[in-house]
Amino acid sequence: MTFEEFSGQDNAGVTGDRMHRAGTALEELLVSARKQDCLTVGVYESAQVMNVDPDSVAFCVLATDEEYECDIALQIHFTLIQAFCFDNDINIVRVNDIERLADIVGSEQDEEPKDVHCILVTSPSADSLKDSALESLGLFCEESRNVYEWVPTISLPER
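- The name an unreviewed UniProt entry gives the chain is Growth arrest and DNA damage-inducible protein GADD45 gamma, with Carassius auratus as the organism.
- Quoted straight from UniProt, the Function (unreviewed entry) entry for the chain says "Involved in the regulation of growth and apoptosis. Mediates activation of stress-responsive MTK1/MEKK4 MAPKKK."
- What UniProt states about the chain under its Sequence similarities (unreviewed entry) heading is, verbatim, "Belongs to the GADD45 family."

Pasting the structure below:
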């Protein structure tokens, strides 16, 4: 076994643990933000918030699955949202489990299912649980950028 093979095996465990922690932190952040009414859900709704009050945006989640990967209009929106987030120093991640994400952000029984392709966390309060989750996700995004992964993908924990 070469050093590269050995360090690669060790790194895979660290990466998996890091990914699990990030997924847990993202779920905590979204649940907390939902309770505090600090979520903006939907591509168009998110674009409106970014246009009107970009300073209120603390975190961005982009979600897709196989069904929408070939949706050119959605990919163009994602590109514009990513550029906006980079220009305004907003941390951003991708999630590939749209159904799980929809379960977390939820909707009322009477409502139509929400478009969860883009979710913004806005105006976090100073002493909520979400702050530690937000900080943890910020570190995860920073570490990812250090290895040139500009929009890291996070797997949400199973239920």
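**Structural notes on helix α4 (residues 98-105)**
Item 1. The complete set of buried residues in α4 reads Ile98, Arg100, Leu101, Ile104 and Val105. End-on, the buried residues of α4 take up no more than an arc of 160°, which puts them together on one face. Opposite the buried face of α4, at more than 90 degrees from it, the exposed residues are Glu99 and Asp103.
Item 2. Gly106 occupies a position one or two residues after α4 and carries a positive phi of about 60°.

**So, the packing of helix α2 (residues 43-52) against helix α3 (residues 72-87)**
In a pair of packed helices, the angle between the axes and the distance between the axes together describe the arrangement.
Item 1. Relative orientation of the contacting elements α2 and α3 amounts to 25°, with a least axis distance of 11 Å. Classified by the angle their axes make, α2 and α3 are roughly parallel. Between α2 and α3 the crossing geometry is left-handed. Residue-level inspection shows Val43, Tyr44 and Met50 of α2 in contact with α3, the latter providing Leu74, His77, Ile81, Phe84 and Cys85.

**Observations regarding the confidence of the model for the chain**
Item 1. With 81% of its residues at a pLDDT of 70 or more, the chain shows a mean pLDDT of 82.
Item 2. Scored below 50 in pLDDT, residues 1-13 makes two contacts in the model with residues more than four places away or belonging to other chains.

**Remarks on the pairing of strand β2 (residues 57-63)**
Item 1. Burial within β2 is extensive, with seven of its seven residues counted as buried.
Item 2. When β2 meets strand β4 (residues 118-122), the two strands line up antiparallel, connected through five bridges. Note that in β4 the partner of Phe59 across the bridge is Val121.
Item 3. Pairing of β2 with strand β3 (residues 91-95), which is carried by five bridges, proceeds in the parallel orientation. Note on β3: the bridge partner recorded for Ala63 is Val95.

Reading the values: the criteria
- Residues numbered from 1 in each chain as written.
- Predicted model: local features only at pLDDT ≥ 70, side-chain atom pairs only at ≥ 80, totals over all residues.
- Heavy atoms only, no water.
- UniProt positions renumbered as here; feature names shortened; annotations may be inferred.
- Buried < 20%, exposed > 50% of the residue type's maximum accessible area, 1.4 Å probe, protein only.
- Helix = DSSP H or I, 4+ residues; strand = E, 2+ residues; numbered from the N terminus.
- Arc of directions from axis to C-beta.
- Axes fitted to C-alpha atoms, helices over the stretch in contact; angles between N-to-C directions.
- Parallel < 35°, antiparallel > 145°, perpendicular 65-115°, else oblique.
- Left-handed = near helix turned anticlockwise from the far one by under 90°.
- Contact = heavy atoms within 4.5 Å.
- pLDDT = per-residue confidence, 0-100.
- Pairing = 2+ DSSP bridges.

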